[in-house]
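# Results of the structural survey
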Amino acid sequence: MSAVKIGIIGGSGLDDPDILHSRHEKFVDTPYGKPSDALTIGQIEGVDCVLLARHGRKHDIMPSKINFRANVYALKQEGCTHLVVTTACGSLQEQIAPGHIVVPDQFIDRTYKRIQTYYDGEEGSPKGISHIAMHSPFCERTREHLIASVKSLGLTCHEKGTVVTMEGPRFSSRAESKMYRILGGDVINMTTVPEVILAKEQGLCYAAIALPTDYDSWRESEESVSLDVVMKTFAMNAANGKKVLLDVIPKIAKEDWTETIQGHVATAKEAIM
Ligand code: ADE
């Protein structure tokens, strides 16, 4: 049974290094540039983990400027087999309330400024073009672990969900927010794309804990999303996100992932033309 190593990408307010024991920092570089910040390397109940603050530890990197390729590559380079990530999001559905947890299974891409592949034809990039299959963007087995863990903690879990990733950094207009509901969106954020796509190109087991902070801008009866609204649920969501990570990571590490990882690596390889 090959050991797993868990990469944790912490979203806004969800990147507390205190969750790792015996930790140290490591600044790394990649062929795609530098990741958002130092990697924090440590353990959760004896399981090797690597934490990275997606927006940097000072939260000074806006979504369009995040070097997603470097972030995912750095974690893979460090030996991670899994990426379990947290992301703050807005809710596009009445039944998904702030404080709930969504484990997304699909995305709708509304970004337009981001590089979505490692196979970009540039010098130093891997050869070929990656036409990677995206019918199931997230690792189903890792998702199942997250769902079980959220439920076991007594938190409200939405077992599926389509996350709309918008470019940002502004929030949506009411008309856009209503459109995303018509399109089938359940939650909205600014970072799942291209992170999930790049993780797939790297053959990693990737799943997300999406933490709704607000009802975006569609709901006439509710205060529309603003930084102030988002900040109000931040602390509660951060505590929930932390609980899930501490619970799920030891459970993931107890299992043999050899075949699952081989499957993800094969999917990534078969996509290269
Ligand atoms: N992150 C938190 N709330 C959000 C929203 N409503 N839209 C986009 N990203 C978000």
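Per chain, residue numbering runs from 1 following the sequence as it is written. A pLDDT threshold of at least 70 governs which residues receive local features in this predicted model, and a stricter bar of 80 or more applies before side-chain atom pairs are shown or counted, although totals over entire chains, interfaces and linings include all residues. Side-chain figures throughout are based on the complete set of non-hydrogen atoms in the structure, without hydrogens or water.

### Quick look at the UniProt feature "binding site: phosphate" (unreviewed entry) in the protein
- UniProt positions are given in the numbering used here, feature names are shortened, and annotations may be inferred rather than shown by experiment. According to UniProt, the positions carrying the feature "binding site: phosphate" (unreviewed entry) are Ser12, Arg54, His55, Thr87, Ala88 and Thr191. Maximum C-alpha separation among the annotated residues is 12.0 Å over a sequence range of 180 residues, consistent with a single clustered spot. In the annotated group above, the largest pocket draws its lining from Ser12, Arg54, His55, Thr87, Ala88 and Thr191.
- Assessed through its relative accessible area of 6%, His55 is described here as buried.
- Any pair of residues with heavy atoms lying within 4.5 Å of one another is described as a contacting pair. Leaving out residues up to four positions away in the same chain, His55 has contacts with Ser12, Asp60, Ile61, Pro63, Ile66 and Thr191. The definitions used throughout rest on a 1 Å grid laid over the protein atoms alone, on which a cavity is an enclosed set of points accommodating a 1.4 Å probe that cannot get out and a pocket is an open set flanked by protein within 12 Å on both sides along at least five of seven lines; lining residues are those having an atom within 4 Å of a point. For every residue, the accessible area (1.4 Å probe, protein chains only) is compared with the maximum for its type, and the residue is labelled buried under 20%, exposed over 50%, or partly exposed between those bounds.

### Describing the pairing of strand 5 (residues 82-91)
- Think of it this way: any DSSP run of H or I at least four residues long counts as a helix, any run of E at least two long counts as a strand, and we number them from the N terminus. The buried fraction of strand 5 amounts to nine of the ten residues, a majority that puts the element mostly inside the structure.
- One ladder, built from four bridges, connects strand 1 (residues 6-10) with strand 5; its direction is parallel. Within strand 5, the residue paired with Ile8 across the bridge is Val84.
- Here the rule is simple: two strands pair whenever DSSP picks up at least two bridges between them. With nine bridges joining them, strand 5 and strand 11 (residues 205-214) adopt parallel strand pairing. If you follow Ala88 over to strand 11, its bridge partner there is Leu211.
- Alignment of strand 5 against strand 10 (residues 187-189), held across two bridges, turns out to be antiparallel. Each residue of the ladder has a partner; that of Gly90, found in strand 10, is Ile188.

### Points about empty space enclosed by the protein
- Grid points are joined across faces, edges and corners, and a volume is the space filled by probe spheres set on the points. Under the definition given, this model contains two cavities of 30 Å³ or more.
- Forming the boundary of the largest cavity are Asp15, Pro17, Ala38, Thr40, Leu51, Leu52, Ala53 and Arg57.
- Per-element accounting of the lining of the largest cavity gives the leading share, three residues, to strand 4 (residues 47-53).
- Under the scheme applied, nonpolar residues are Ala, Val, Leu, Ile, Met, Phe, Trp, Tyr, Cys and Pro; charged residues are Asp, Glu, Lys and Arg; polar residues are all the others, including Gly. Broken down by class, the residue content of the lining of the largest cavity amounts to five nonpolar, one polar and two charged.
- Of the pockets and cavities examined, the second largest cavity occupies roughly 30 Å³.
- Every residue along the wall of the second largest cavity is listed here: Pro137, Phe138, Cys139, Val196, Lys200, Leu204, Tyr206 and His264.
- Its residues assigned to classes, the lining of the second largest cavity shows six nonpolar, one polar and one charged.

### Description of the site of the ligand
- What makes a residue near a molecule or strand is one non-hydrogen atom of that residue sitting within 4 Å of it. Around the ligand, the surrounding shell consists of Ala88, Cys89, Gly90, Met166, Phe171, Ile188, Asn189, Met190, Thr213, Asp214, Asp216 and Val225.
- Identification of polar contacts relies on pairs of N or O atoms within 3.5 Å, with a donor-acceptor requirement for protein atoms, meaning one able to donate a hydrogen and the other able to accept it, and with residues adjacent in sequence counted only if both atoms are side-chain atoms. Take Gly90: an N or O atom from its main chain is 3.3 Å from a nitrogen atom of the ligand.
- At 2.6 Å, a side-chain N or O of Asp214 approaches a nitrogen atom of the ligand.
- Of all the cavities here, the one that holds the ligand is the largest pocket.
- Per-element tally for the shell around the ligand: the top contributor is strand 5, with three residues.
- Looking at the shell around the ligand residue by residue, the class counts come to seven nonpolar, three polar and two charged. Any molecule with more than half of its atoms within 2 Å of a cavity's or pocket's grid points is counted as sitting in it.

### Considering the layout of surface pockets
- Taken as a whole, the largest pocket holds about 520 Å³ of empty space.
- Lining the largest pocket are 27 residues; nearest its centre among them are Ser12, His55, His59, Phe171 and Met190.
- For the lining of the largest pocket, the secondary structure elements donating two or more residues are strand 5, strand 10, strand 11 and helix 5 (227-253).
- Class assignment of the residues belonging to the lining of the largest pocket gives a composition of 14 nonpolar, nine polar and four charged.

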